[in-house]
Amino acid sequence: MSVRCGIVGLPNVGKSSLFNALSNAGAEAANFPFCTIDPNVGIVSVPDTRLNTLTALVKPKRTLPTTIEFVDIAGLVKGASEGKGKGNAFLSHIRDVDIIVHVVRCFVDDDVIHVEGGVDPIRDISIIDSELLFKDLESVEKRIDKLKKQSKSGDKVMKGQLDVAERLRDHIENGEPVRTFEVSPEQREAYKDLFLLTEKSVLFVCNVSEDDIADEGAGNEYVKSVRELADSRGSETVVVCASIEAEIAELDDEARKDFLADLGIESAGLDLLIRAAYRELGLITYFTAGEKEVRAWTIREGMKAPQAAGVIHSDFERGFIRAETIAFNDFETHGSESAARDAGKLRSEGKEYLVKDGDVLHFRFNV
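Since the structure is predicted, the reported quantities are computational estimates derived from the model, not experimental observations.

### Details of a negative patch on the surface
A surface patch of negative charge is lined by Asp-252, Asp-253, Asp-258 and Asp-262. Relative to the elements of secondary structure, Asp-258 occurs in helix 8 (residues 253-263). Exposure remark for Asp-258: the relative accessible area of 48% places this residue in the partly exposed category.

Below, the structure written as structure tokens:
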């Protein structure tokens, strides 16, 4: 399944620099607002050491990691919901992503202009939040107008949806995001096709200076304030230094390890960001492994075996018979599918099996 992360934030917080480092897509970076006019899209391989292990054991003709897509959305400004600074176009791009990656500037540099006059991450977050809420309010009010006309006939379904939409409008007007609006799946029908912006999960990224990266911003007061806010919302915070990520992106695997070790960092920002995005979205990875190909696949946690097979091809789901399953740790321990089978570690799972993170699967199907 395709996963799209939309990188948002005020101008000059480091969005495009981070995007360049993550995807090597070369998005222009400049010291003025609206440098990025159209969203830049970069498809990034998801780092996973388990895939490397399976490749070493199976020795396939090719290895394919699963991927994640980053969309660099141009800097929003106060008034974007009213169309200021290309706001309408930028906000519409956010509708198409699965999760919002909100980059916040947590470093001071007099040479880099801040559109609000100085560094204040909580204020910056509030500006973006407000613009997204204003846009959602506009969408919901239009839906209410439409439902009022449709419910005049006495249609009970339309009246029910109107009630939900009006309650949602009140919720947004109180400054609350759509994701905290409690409704049943049936009630959500009143607005689910609007793809509301504040219904999406949010992951905060603190862009810090090189001096703050080794301790993950522990001594940075800006980072502390963002973490407190994120914790209160049940969101995660990732600390990165975009300039360091740019250097890491240019290195091969061995040089990358040495560079990280010299900095006292265990993982690059890309790895941390992707792991956090997967957790926020409830995603896991399973593998297929054979002589022709070893491959990683992304699915939602809680998916049953037929639906997981359908990620490969719809025929796999339609004609699903069973999933021959080996846990990754068992595959690694025994070194091959046949050895795992001989050790009794290969299981035959049916249609109700919930696929687990790291499962090595071989699907049997008939169409």
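From this point, the discussion proceeds with the structure in view.
### Some words on the packing of aromatic side chains
The geometry of two aromatic rings is summed up by the distance between their centres and the angle between their planes. In the structure shown here, the tally under the stated rule is 6 aromatic pairs. Within the aromatic cluster, the residues linked to one another by ring pairs are Tyr-286, Trp-297, Phe-320 and Phe-363.

### Quick word on the sheet that holds strand 2 (residues 40-45)
Read across the sheet, 6 strands follow the order 2-4-1-5-6-7 without closing on themselves; strand pairing throughout is mixed. Of all the strands in the sheet, just strand 2 and strand 7 (237-240) have a single pairing partner and so form its edges. Each strand axis lies, on average, 25° off the axis of its neighbour in the sheet, ignoring direction. Examined bridge by bridge, strand 2 and strand 4 (residues 67-72) share 6 bridges and lie antiparallel to one another. By the bridge assignment for strand 4, Val-44 is matched with Ile-68. Contacts from helix 9 (residues 269-281) reach strand 1 (4-8), strand 2, strand 4, strand 5 (99-105), strand 6 (201-207) and strand 7, with the element oriented near 160° to strand 6.

### What to know about the nonpolar core
Side chains of a nonpolar character, in soluble globular proteins, are inclined to be buried together. In this structure, Ile-68, Phe-70, Ile-94, Val-205 and Val-208 are the most contacted members of the largest nonpolar core, which totals 56 residues. The dominant element in this core, judged by the number of residues it contributes, is helix 9, at 7 residues. Listed in part, the 17 residues of the second largest apolar core include Val-140, Ala-165, Val-178 and Ala-190.

### Observations regarding the packing of helix 4 (residues 121-151) against helix 6 (residues 221-233)
Helix 6 packs onto helix 4 with a crossing angle of 40° between their chain directions and a minimal axis gap of 9 Å. As the angle between them shows, helix 4 and helix 6 are arranged oblique. Across from Pro-121, Ile-122, Ile-125 and Asp-129 in helix 4, the residues of helix 6 making contact are Tyr-222, Ser-225, Val-226, Leu-229 and Arg-233. Counted by class, the contact of helix 4 with helix 6 contains 6 nonpolar, 1 polar and 2 charged residues.

Calculation rules
Residues numbered from 1 in each chain as written. Predicted model: local features only at pLDDT ≥ 70, side-chain atom pairs only at ≥ 80, totals over all residues. Heavy atoms only, no water. Patch = residues over 30% accessible without salt bridge, like charges linked within 9 Å, V, L, I, M, F, W, Y side chains within 5 Å. Areas by Shrake-Rupley, 256 points an atom, 1.4 Å probe, with all protein chains shown as cover. Salt bridge = Lys/Arg side-chain N within 4 Å of Asp/Glu carboxyl O. Lys, Arg positive; Asp, Glu negative; His and termini not counted. Charge placed at Lys NZ, Arg CZ, Asp CG, Glu CD. Helix = DSSP H or I, 4+ residues; strand = E, 2+ residues; numbered from the N terminus. Buried < 20%, exposed > 50% of the residue type's maximum accessible area, 1.4 Å probe, protein only. Phe/Tyr/Trp six-rings, centres within 6.5 Å; stacked < 30°, edge-to-face > 60°. Pairing = 2+ DSSP bridges. Axes fitted to C-alpha atoms, helices over the stretch in contact; angles between N-to-C directions. Contact = heavy atoms within 4.5 Å. Core = buried A, V, L, I, M, F, W, Y, C linked by side-chain atoms within 4.5 Å. Parallel < 35°, antiparallel > 145°, perpendicular 65-115°, else oblique. Nonpolar A, V, L, I, M, F, W, Y, C, P; charged D, E, K, R; others polar.

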